[in-house]
Amino acid sequence: MGTSTVKSGEQVDRQKRILDAALELLSRHGISGINMRAVAREAGVALGLVNYYYEDKSSLIRAVLHQIEEHDLLLVEPQATSTPDEHLRESLRRVADPGLLTTPYLSLRLHLWALAQADEDFARINAAAFERYLQGLAALIGNAIPGLSPEECRERAADVVVVQNGMWLTTLLGIDKAAIERGIARTEEIAFAPTRQNGRR
């Protein structure tokens, strides 16, 4: 293994630690808990290293938002060994994965939504991320139900996202697991509803 490979691996690890630290602080304290010194302390790295990778607090938060976007896109990424129906069902269930239905993670999501309301630049990143997620989900729906138009796929995807967001909020309120299962069942009903004929489903 060459020296440059080792260095690039170390860089990726350091950046990941910095971003993970920023995510952790955001989930606990919101935007007020993020400053370069606090992130360096949480990540266990020198302040100069945080400043080396990220020019300022805004650039660090932009990187955090992009990391969340990449994570969200994995939720709608098809698996190579599954059928289109299975792809869609797996994706709808991934949103209710126990790793996502934790108070710290859901708190982080709420803080990120609040950030998007408070800053135009963050709002643009959030909107673009949402659009990519919606397109990915609409594509899964279209592959599973070929008779749907692109508009119908997008409409169903948007309706599914409303239910998914409701499931996350329900979890924060401490509602029982059965409510989450009902939420998943509802997203499947929306996604797999029969195609429209004569203007009706």
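Up top you'll find the structure we're talking about.
This is a predicted model, so every value here is computed, not measured.

*Asks:* I keep staring at helix α2 (residues 36–43) and nothing clicks. Help me out?
*Replies:* Every α-helix winds through 3.6 residues per turn, so residues three or four apart in the chain are directed the same way. Turning to α2, its buried residues are M36, A38, V39, A40 and A43. One side-chain oxygen of the residue at the start of α2 lies 3.1 Å from the amide nitrogen of R37, identifying that residue as N35. After α2 finishes, the residue G44 shows a positive phi value of roughly 70°.

*Asks:* Please clarify how the pattern of salt bridges should be interpreted in this entry.
*Replies:* Any two side chains of opposite charge can pair, given that their charged atoms come close. Under the definition given, this model contains 13 salt bridges. D20 serves as the salt-bridge partner of K16, at 2.7 Å between the closest nitrogen and oxygen. With K16 and D20 both in helix α1 (residues 3–29) and four residues apart, the pair spans about one turn of that helix. Its relative accessible area of 47% is what places K16 among the partly exposed residues. A residue is classified by how much of its surface remains accessible, and D20, at 31% relative accessible area, is partly exposed. Where E90 meets R94, a salt bridge forms, and the shortest distance between an N and an O atom there is 3.8 Å. Of this pair, E90 and R94 both sit in helix α5 (residues 84–94), separated by four residues, roughly a single helical turn. Residue R94 is classed as buried on the basis of its relative accessible area of 19%.

*Asks:* I keep staring at the packing of α5 against helix α7 (residues 120–144) and nothing clicks. Help me out?
*Replies:* How two helices pack is summed up by the angle between their axes together with the distance between the axes. At a closest axis distance of 8 Å, the pairing of α5 and α7 adopts a crossing angle of 145°. Handedness of the α5/α7 crossing: left-handed. For the pair formed by α5 and α7, the contact residues are P84, D85, H87, L88, S91 and L92 on the first element and L137, L140, I141, N143 and A144 on the second. Of the residues contributing to the contact of α5 with α7, the split by class is seven nonpolar, three polar and one charged.

*Asks:* When you look at the packing of α7 against helix α8 (residues 150–172) in this model, what are you seeing that I'm missing?
*Replies:* For the pair α7 and α8, the least separation of the axes is 8 Å and the interaxial angle reads 115°. Of the two elements, α7 crosses α8, and the hand of that crossing is right-handed. Residues F130, E131, Y133, L134, L137, A138, I141 and G142 of α7 touch α8, and the partners they reach there are C153, R154, R156, A157, A158, V160, V161 and Q164. Taken together, the residues of the contact of α7 with α8 break down into 11 nonpolar, two polar and three charged.

*Asks:* Looking at this structure, how should I read the nonpolar core?
*Replies:* Inside soluble globular proteins, nonpolar side chains tend to come together where they are buried. Among the nonpolar cores identified, the biggest contains 30 residues, and L88, Y133, L137 and I141 are the most heavily contacted of them. Contributing elements (two or more residues each) for this core: α5, α6 (103–118), α7, α8 and α9 (177–192). Among the nonpolar cores identified, the runner-up in size contains 29 residues, and I18, I34, V45 and I68 belong to it.

*Asks:* What's the story with the packing of aromatic side chains in this structure? I'm lost.
*Replies:* Working definition: an aromatic ring pair is given by the centre-to-centre distance plus the angle between the planes. By the definition in use, this model includes two aromatic pairs. Taken together, a centroid distance of 5.1 Å and an interplanar angle of 70° make the contact between Y52 and Y53 edge-to-face. A relative accessible area of 17% places Y53 in the buried class. Aromatic rings pair up to connect Y52, Y53 and Y54 into one cluster. A cation sits over an aromatic face here: R89 above F192, 4.0 Å from the ring centre.

Reading the values: rules and limits
- Residues numbered from 1 in each chain as written.
- Predicted model: local features only at pLDDT ≥ 70, side-chain atom pairs only at ≥ 80, totals over all residues.
- Heavy atoms only, no water.
- Buried < 20%, exposed > 50% of the residue type's maximum accessible area, 1.4 Å probe, protein only.
- Helix = DSSP H or I, 4+ residues; strand = E, 2+ residues; numbered from the N terminus.
- Polar contact = N/O pair within 3.5 Å; in protein donor to acceptor, adjacent residues only side chain to side chain.
- Salt bridge = Lys/Arg side-chain N within 4 Å of Asp/Glu carboxyl O.
- Axes fitted to C-alpha atoms, helices over the stretch in contact; angles between N-to-C directions.
- Left-handed = near helix turned anticlockwise from the far one by under 90°.
- Contact = heavy atoms within 4.5 Å.
- Nonpolar A, V, L, I, M, F, W, Y, C, P; charged D, E, K, R; others polar.
- Core = buried A, V, L, I, M, F, W, Y, C linked by side-chain atoms within 4.5 Å.
- Phe/Tyr/Trp six-rings, centres within 6.5 Å; stacked < 30°, edge-to-face > 60°.
- Lys NZ or Arg CZ within 6 Å of the ring centre and 35° of its normal.

Function-wise, these values are silent; they only describe arrangement.
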